[in-house]
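# A closer look at the structure
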Amino acid sequence: MHAEWTQLLTSGNPPRWTAVAGAAVALVVVLNNRLWPVARHVITIAHEGGHALAAVGSGRRLGGIRLHSDTSGVTVSAGRPTGLGVVITVAAGYITPSLLGLGGAALLAVNQVSLMLRVSVVLLLGVLVAIRNAFGALSIVLSTATVIAVSVLAPYRWQEVFAAFITWFLLLGGLRPIVEVQRTRSRGRAPTSDPDQLARLTATPASMWVAFFAMVSLLCLTVAGDWLVR
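Let me begin by describing the structure that accompanies this report. (Residues numbered from 1 in each chain as written. Predicted model: local features only at pLDDT ≥ 70, side-chain atom pairs only at ≥ 80, totals over all residues. Heavy atoms only, no water.)

Another point: a nonpolar patch on the surface. Together, Leu100, Val119 and Leu123 make up a nonpolar patch on the protein surface, roughly 220 Å² of accessible area in all. Within the fold, Val119 resides in helix α5 (residues 113-130). The class of Val119 is partly exposed, set by a relative accessible area of 33%. (Patch = residues over 30% accessible without salt bridge, like charges linked within 9 Å, V, L, I, M, F, W, Y side chains within 5 Å. Areas by Shrake-Rupley, 256 points an atom, 1.4 Å probe, with all protein chains shown as cover. Salt bridge = Lys/Arg side-chain N within 4 Å of Asp/Glu carboxyl O. Helix = DSSP H or I, 4+ residues; strand = E, 2+ residues; numbered from the N terminus. Buried < 20%, exposed > 50% of the residue type's maximum accessible area, 1.4 Å probe, protein only.)

Per the stated rule, a full pass over the model turns up seven aromatic pairs. Note on Tyr94 and Phe213: the rings are 5.3 Å apart at their centroids and 25° apart in plane angle, and the pair reads as stacked. Note that Tyr94 is positioned in helix α4 (residues 84-109) and Phe213 in helix α10 (residues 206-229), a separation of 119 residues in sequence. Classification of Phe213 by relative accessible area gives buried; the value is 0%. On the numbers, 5.9 Å between centres and 85° between planes, the contact of Trp209 with Phe212 is edge-to-face. Of the two residues, Trp209 and Phe212 are both situated in helix α10; the distance of three residues between them amounts to about one turn of the helix. Trp209 gets classed as buried once you look at its relative accessible area, which sits at 14%. Given the relative accessible area of 31%, Phe212 is considered partly exposed. By the ring-pair criterion, three or more aromatic residues cluster together here, those being Tyr94, Trp209, Phe212 and Phe213. (Phe/Tyr/Trp six-rings, centres within 6.5 Å; stacked < 30°, edge-to-face > 60°.)

Turning our attention to the packing of helix α7 (residues 156-173) against α10. Packing of α7 against α10 brings their axes to within 10 Å, and their N-to-C directions diverge by 160°. In terms of orientation, α7 and α10 fall into the roughly antiparallel class. α7 and α10 meet at a crossing whose hand is left-handed. When α7 is examined against α10, the residues Thr167, Trp168, Leu171 and Leu172 are found in contact with a partner set consisting of Cys220, Leu221, Ala224, Gly225, Leu228 and Val229. Taken together, the residues of the contact of α7 with α10 sort by class into eight nonpolar, two polar and no charged. (Axes fitted to C-alpha atoms, helices over the stretch in contact; angles between N-to-C directions. Parallel < 35°, antiparallel > 145°, perpendicular 65-115°, else oblique. Left-handed = near helix turned anticlockwise from the far one by under 90°. Contact = heavy atoms within 4.5 Å. Nonpolar A, V, L, I, M, F, W, Y, C, P; charged D, E, K, R; others polar.)

Turning our attention to the pattern of salt bridges. Here the structure, examined in full by the defined rule, presents five salt bridges. Asp196 is the partner of Arg185 in a salt bridge, and the nearest nitrogen-oxygen pair spans 2.8 Å. With Arg185 in helix α8 (residues 176-186) and Asp196 in helix α9 (residues 194-202), the pair connects residues that are eleven residues apart, well separated along the chain. A cluster of three or more residues bridged by salt bridges with shared partners is formed by Arg40, Arg176 and Glu180.

The next point concerns the pairing of strand β1 (residues 61-67). When β1 meets strand β2 (residues 73-78), the two strands line up antiparallel, connected through six bridges. If you follow Leu62 over to β2, its bridge partner there is Ser77. Counted between consecutive antiparallel strands, the loop separating β1 from β2 contains five residues, among which Thr71 sits at a positive phi close to 75°. (Pairing = 2+ DSSP bridges.)

Another aspect to go through is the packing of helix α3 (residues 36-57) against α7. Direction vectors running N to C along α3 and α7 enclose 85°, while the axes themselves pass 10 Å from each other. Here α3 is positioned roughly perpendicular relative to α7, judged by the angle of their axes. For the pair α3 and α7, contact is made by Trp36, Ala39, Arg40, Val42, Ile43 and Ala46 and by Phe169, Leu170 and Gly173, respectively. Its residues assigned to classes, the contact of α3 with α7 shows seven nonpolar, one polar and one charged.

Now the structure itself:
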């Protein structure tokens, strides 16, 4: 175990091409309208996981998470209907994918590819505990199995590419739902969206919350991008 951990902490610097390759594939997936509806399930997992973690962290009682085949999801928590706890819980969703991407970039920047993949598995299993429907459980199991399969079966260099892809996908994929929710809101078709709920909770325009989500996600992308390609 000691030898394995030492190897984990002393792996060589990933070559820059692995980060570039991961970014290129992630960009294609995010921009492709055929691939995105499938890949978006991963962003939904992160989004709802963010709500759940924020709910627990702010002292609310987590009821569970449901993930749906149309890439929507819902996280149920109990507690005061107003106040800082519920605001933090609702606000966490859209920024969580980007924050996870930033965390992944931090690990890759110090050559912790294997650790990053292991942390991904742990986080997915943590979400699985809170899942309350069959499709949600299937989504988590398939995502977890994919990460484990790459970690066990793929050559180390391809693990680096895969880890870079996951990181870039969270960073880039975290931005697209923010654009989508604002586009849907502008058409008057998202009265229960997170920004609109936050507007009612805080008496702040929903557009300001969308701007906040975008600012956080762009900042994460900028910082993480510098770490990954320097």
